Amino acid sequence: MRADALSGQARQTRLNARVSLSELAGLCGVDPSTVWRWEQGIRVPRGEAALRYAQALEVLARPQAQTDARP
């Protein structure tokens, strides 16, 4: 997961799906600043939040997540 953060892939996945930092944080049950730290590679997700984050990114990476996104 840290490799995704350092490469910018996690952030790009979120942006491509047009999901805000706050929306993703809500799905993960954490503060938006926490997701920002994950995306920057400053912190590594752990525990239940890490599982929710990985699941959310997996869903957001699916092609339909990007086509179903809000305009």
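The following paragraphs examine the structure supplied in this document.

Each value, and the rule that gives it
Residues numbered from 1 in each chain as written. Predicted model: local features only at pLDDT ≥ 70, side-chain atom pairs only at ≥ 80, totals over all residues. Heavy atoms only, no water. Helix = DSSP H or I, 4+ residues; strand = E, 2+ residues; numbered from the N terminus. Buried < 20%, exposed > 50% of the residue type's maximum accessible area, 1.4 Å probe, protein only. Contact = heavy atoms within 4.5 Å. Axes fitted to C-alpha atoms, helices over the stretch in contact; angles between N-to-C directions. Parallel < 35°, antiparallel > 145°, perpendicular 65-115°, else oblique. Left-handed = near helix turned anticlockwise from the far one by under 90°. Nonpolar A, V, L, I, M, F, W, Y, C, P; charged D, E, K, R; others polar. Core = buried A, V, L, I, M, F, W, Y, C linked by side-chain atoms within 4.5 Å. Salt bridge = Lys/Arg side-chain N within 4 Å of Asp/Glu carboxyl O.

1. A short note on the overall build of the chain
Within the chain one finds six helices and zero strands. Each helix and strand of the chain, ordered N terminal to C terminal, gives the series α-α-α-α-α-α. Relative to its 71 residues, the chain shows a buried fraction of 31%. Counting contacts in the chain only where the partners sit at least 6 residues apart, residues at least 24 apart contribute 56% of the total.

2. Focus on the packing of helix α2 (residues 9-16) against helix α5 (residues 47-61)
For the pair α2 and α5, interaxial distance at closest approach is 9 Å and the crossing angle is 55 degrees. Taken together, α2 and α5 sit at an angle that is classed as oblique. In the crossing of α2 with α5, the sense of the turn from one axis to the other is left-handed. Together, Ala10, Thr13 and Arg14 of α2 and Tyr53, Leu57, Leu60 and Ala61 of α5 make up the contact between the two elements. For the contact of α2 with α5, the per-class residue count stands at five nonpolar, one polar and one charged.

3. Remarks on unusual backbone geometry
One non-glycine residue with positive phi stands out, namely arginine 18, at about 55 degrees. With respect to the secondary-structure elements, arginine 18 resides in the loop between α2 and α3 (21-28).

4. A closer look at the nonpolar core
In this structure, Leu24, Val35, Trp38 and Tyr53 are the most contacted members of the largest nonpolar core, which totals 13 residues. Among the elements of the structure, α3, α4 (32-40) and α5 are those that each provide at least two residues to this core. Among the elements that line this core, the one with the most residues is α5, at five residues.

5. Topic: the pattern of salt bridges
Tallied over the full model, the rule gives two salt bridges. Note that glutamate 39 is salt-bridged to arginine 14, the shortest N-O span being 2.6 Å. On the criterion of sequence distance, the pair formed by glutamate 39 in helix α4 and arginine 14 in helix α2 is long-range, its members being 25 residues apart. For the salt bridge of arginine 62 with glutamate 58, the shortest nitrogen-to-oxygen distance reads 3.8 Å.

6. A look at the packing of α3 against α5
Taken N-terminus to C-terminus, the directions of α3 and α5 make an angle of 130 degrees; their axes are 8 Å apart at the nearest point. When the axes of α3 and α5 are compared, the pair comes out oblique. Remark: the crossing between α3 and α5 carries right-handed chirality. Here Leu24, Leu27 and Cys28 of α3 come into contact with α5, specifically with Ala49, Arg52, Tyr53, Ala56, Leu57 and Leu60.

Worth remembering: the numbers are spatial, not functional.
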